[in-house]
Each structure stands twice: as C-alpha cells, then as structure tokens.
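Reading the structure
Residues per chain, in single letters:
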Amino acid sequence: MIFSNLLSLFKKKPDGYATPWLSLNVVHAVALDGLTPDQAYGLRAQFLRANAVDFTATTGAAYTAYFRDSENGAKRAAALVESLHQFGRDLSVPAFGVGAARGECLVNKSAKGGFESPPVGEPVTQAVRAAHAEAAPSIG
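Described in the following lines is the structure provided in the data block. A quick note: this is a predicted structure, and the numbers were derived from the prediction, not measured.

Criteria and thresholds
Residues numbered from 1 in each chain as written. Predicted model: local features only at pLDDT ≥ 70, side-chain atom pairs only at ≥ 80, totals over all residues. Heavy atoms only, no water. Buried < 20%, exposed > 50% of the residue type's maximum accessible area, 1.4 Å probe, protein only. Helix = DSSP H or I, 4+ residues; strand = E, 2+ residues; numbered from the N terminus. Pairing = 2+ DSSP bridges. Expected span 1.5 Å × (residues − 1). Arc of directions from axis to C-beta. Contact = heavy atoms within 4.5 Å.

**What to know about the pairing of strand β3 (residues 62–68)**
The element β3 is largely enclosed, with a buried count of 6 among its 7 residues. Relative to β3, strand β1 (residues 21–31) runs antiparallel, the two sharing 7 bridges. In the sheet register, L24 faces β3, and the bridge partner there is R68. Taken together, the 5 bridges between strand β2 (residues 54–59) and β3 define a ladder with antiparallel strand orientation. By the bridge assignment for β3, T56 is matched with T64. Counting the residues in the hairpin turn of β2 and β3 gives 2 residues.

**Section: helix α4 (residues 122–135)**
When the terminal C-alpha atoms of α4 are compared, their 20 Å separation across 14 residues agrees well with the 20 Å that a helix rising 1.5 Å per residue should span. Considered for burial, the residues of α4 that qualify are P123, V124, A127, A131 and A135. Projected down its long axis, α4 carries its buried residues within an arc of 105 degrees, all on one side. The secondary structure elements touched by the buried residues of α4 are β1, β3, β4 (96–109) and β5 (115–120).

This is the structure we're talking about:
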C-alpha cells in the first residue's frame, strides 16, 4: 500500500501542481508495550488537539503529527511534544517515547490542504527513531 501511495506521487498532475516536497515539523509518539483503552483514547486526543496539518496512526499506540515549517508550526510541534511528555508522566505509560524532527518530506497534498498519504522522508525517520530510543530504555 505504501509503495502504491509513493507511486501515485508521480502520476500526471494538473498544470501548476506544486512540488511534492514540503518542509515539515514532525512529531512521533509511541508506547512500545501498548496502551490501555483509556490511554489510547487519551493519546489520540493529544494529537487531535494539536492542530497539525495532518496526523497518522500506525497503531493505537503510535501516532505521527505533521506541522508546517513555520514559526507557528514549530510552536505547535513543541507544545505537542511537551503535552505528550506530560501525558506519559500523568498516566504512567510504560515504554513511552516522543521524538521530533524538522526537514523536507515527500508529500501528496489533497485539494483540501491535508495529505493524501503520510509524508515520507528523513525527518519522519528521525522522529520515529528518537521516540523509540526514548521509550526503549524503560523496557526491562
């Protein structure tokens, strides 16, 4: 599925189509040991409140948010990182990690301004790795 989404980026686009590369702030959170239903609902709520351009859930215990690379986007991303750390502390979520990165991502924007498929690129990889690295030391 991801491969077909990537291929769709290179289909013929209408005249005036903007480059599919977009500079983004990426925030990823993961609970390596999973979440209770209440914790999963709370984590999803954190991402919904973040006012990101878009966000994806790879599992009920892993979410990634994408913010424009602007001053406002950077502030929103930083606020989400802080609220996620507070969420993990308040609910004592085991093996919980948060990662953030900034840079150019390959995206397929929809007509409504969101993304037709999740962005890909080094910033996404960096945010995921950072979140896993933060979560992994707490695993026994």
